[in-house]
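Descriptive structure summary
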Amino acid sequence: MKYFFRFSVFTILMTYLLIFVGGLVRVSDAGMGCPDWPKCFDRWIPPTSLDQVPLEFQDQFNVVLAWIEYCNRLFGAVTGLMITITCYLAIRYYRKEIKIMVPVIGAFILTIIEGWLGGVLVDTVLNPFTITLHLLLALLIVVLLIYASLQSYYLYHKSAEVESDYPNSLKWFIYATGLIVLIEIIIGTEIRGGLEMIRNQNPLVNGIFLLRMLGPFKYMHTILGIFLVGLAYFIRKILIIESLNPSRLIIGSAQAMLGMIIVQIILGESLVFFDVKPLIQLYHMWIASLILGLCVIQYTAWETSRLN
Amino acid sequence: MKKIHTVYIAGLFILILGIGATWVIKKADQAHQTPPPIIKSVPDFQFKTHDGYTFTMENLRNKITVLDFMFTSCTGPCPIMASNMSRLYEQYRSIPDVQFVSVTVDPDTDTEDVLAAYADANGVNDDRWIFIRSDIKSVKELSRDGFMLFSDDLPAGHSVKFVLIDDKGRIRQYYDGTDKASIAILQAHLNLFLKNLDS
């Protein structure tokens, strides 16, 4: 049974790494590095020189971009395999545990859809809506995996949240945080998509100016960000002042969440005031996905304490 | 103690990821900033535009040009090419340094009037998209010798390529005028040339 928990944690880490690599493909604009799918320039291993590229693809070949995109696909394939193994381990050890089986099978089905969506992305030459959906599905997969993994942890550590007692209001704060983080991620991808669209039409204008052209979207993103700091602060306060014996896991995740949201605001504003730097954009998206994971940790801990 | 260790390891891991990502972004940026090589210069030619002016090699200088070969009564790939060219024409509306040139490969049918009506139908209302014509022999020469495109069976067998020509009248790259992925790369290259033109 321990195998499942350990392997699922490993799978979660790998999924987060894949989200990072996917973001890297996006910020380095290498999404069309391979113009076909699942093969890359009609080969299973991408070409390293132009003479290996079929004639009809020659205008689209760039060795660096092809290999960046190929690494993403390779990572995706390995992670997909790991999720499949996680699913197998769940069936083997936890067939009767609905709270493990349902999310793991859900994650497995979504992984298949996610792979297919990767192909659609290439077919539609990176349609912005499909890009957002691709990210949202990845987030949903990681959320389901975290939930299932923690459920197996609590099965194994029965005493983990036994002495803890959290007020009911905590649940609503966690729900609100999760929902707003999700909205923020969607607005964020829209800002990025909008930025790209304006940049295509105004290739000579610099990044900061373009960001200012997005106006209301950007302000809403910042306001909700500041609102999130408040929510994270209250969650931490509820845990420390109003809760009885809060577990180290939930306290730690609340501290980390508050810290990460503050870092997010600094990163986000630095994109506006300095320049739209790809590396900062990448971390901005990735940390948002980590915050969502922390919400799931808090919710599961709260739910377990209620059941106890 | 264990908690501090975890924090350190996580921090180190994030740092290593950042260093790796920086390297990849830099490499990708270099790849994006590398303009396509010079293939050859466009030879001298003298054609007529759809509004009656003379159009020569000199008109390709000091502008970035996207050029294709087409004919107005074509029902094959031409409508897709025209629609893609039209989209580019709209997207670069605010940039007079970019021009679009369509050469008819059926000059007998495509008179100046026919070309003018076709331009109108495609929403052309300024001089950034020009339709040009000449006698079939000159067209064939320009297509085959000037642009090294398949030209044995004109008009039906014309090429579907979009050709990117730099501000010195040199051919830089060919793109598939019917394929969105290929046109996305054309746009990236076009933007790159524009930036260089500006600086």
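1. A few points about the overall build of chain B
Along the backbone of chain B there are five helices and eight strands. Overall, chain B shows an N-to-C arrangement of helices and strands of α-β-β-β-β-α-β-α-β-α-β-β-α. The C-alpha atoms of chain B give a radius of gyration of 22 Å, which is well past the 16 Å a tight globule of 199 residues would have. Taking the principal axes of its C-alpha atoms as reference, chain B extends roughly 85 × 35 × 30 Å. Within chain B, buried positions represent 38% of all 199 residues. In chain B, of all internal contacts separated by at least 6 residues, the share reaching a separation of at least 24 is 69%.

2. With respect to the interface of chain B and chain A
On the chain A side, the residues contacting the 25 residues of chain B number 22 residues. Those elements giving two or more residues to the side of chain B that touches chain A turn out to be helix H1 (2–33), strand S8 (170–176) and helix H5 (180–198) of chain B. Tallied by class, residues from the side of chain B that touches chain A come to 12 nonpolar, eight polar and five charged.

3. Examining the domain arrangement of chain A
All names here are of chain A. For chain A, the assigned domains are domain 1 (1–156) and domain 2 (162–308). On the domain 2 side, the residues contacting the 19 residues of domain 1 number 16 residues. Breaking the side of domain 1 that touches domain 2 down by element, the ones donating at least two residues are helix H1 (2–27) and helix H4 (128–156). Ranked by the residues each element gives to the side of domain 1 that touches domain 2, the list is headed by H4, at 12 residues. Of the residues contributing to the side of domain 1 that touches domain 2, the split by class is 15 nonpolar, four polar and no charged.

4. Side note on the packing of H1 of chain A against helix H9 (residues 278–307) of chain A
All names here are of chain A. It is at 9 Å that the axes of H1 and H9 come closest, and there the two elements cross at 150 degrees. One finds that H1 runs roughly antiparallel with respect to H9. Once H1 is placed against H9, the crossing between them reads as right-handed. On the side of H1, the interface is formed by Tyr-16, Ile-19, Phe-20, Gly-23, Leu-24 and Val-27, while H9 contributes Pro-278, Gln-281, Leu-282, Met-285, Trp-286, Ser-289 and Leu-290.

Calculation rules
Residues numbered from 1 in each chain as written. Chains lettered and ligands numbered in written order. Predicted model: local features only at pLDDT ≥ 70, side-chain atom pairs only at ≥ 80, totals over all residues. Helix = DSSP H or I, 4+ residues; strand = E, 2+ residues; numbered from the N terminus. Rg over C-alpha atoms; globule rule 2.2 N^0.38 Å. Buried ≥ 20, exposed ≤ 12 C-beta atoms within 10 Å, placed from the backbone. Contact = placed C-beta atoms within 7 Å. Nonpolar A, V, L, I, M, F, W, Y, C, P; charged D, E, K, R; others polar. Domains from an automatic or database assignment. Axes fitted to C-alpha atoms, helices over the stretch in contact; angles between N-to-C directions. Parallel < 35°, antiparallel > 145°, perpendicular 65-115°, else oblique. Left-handed = near helix turned anticlockwise from the far one by under 90°.

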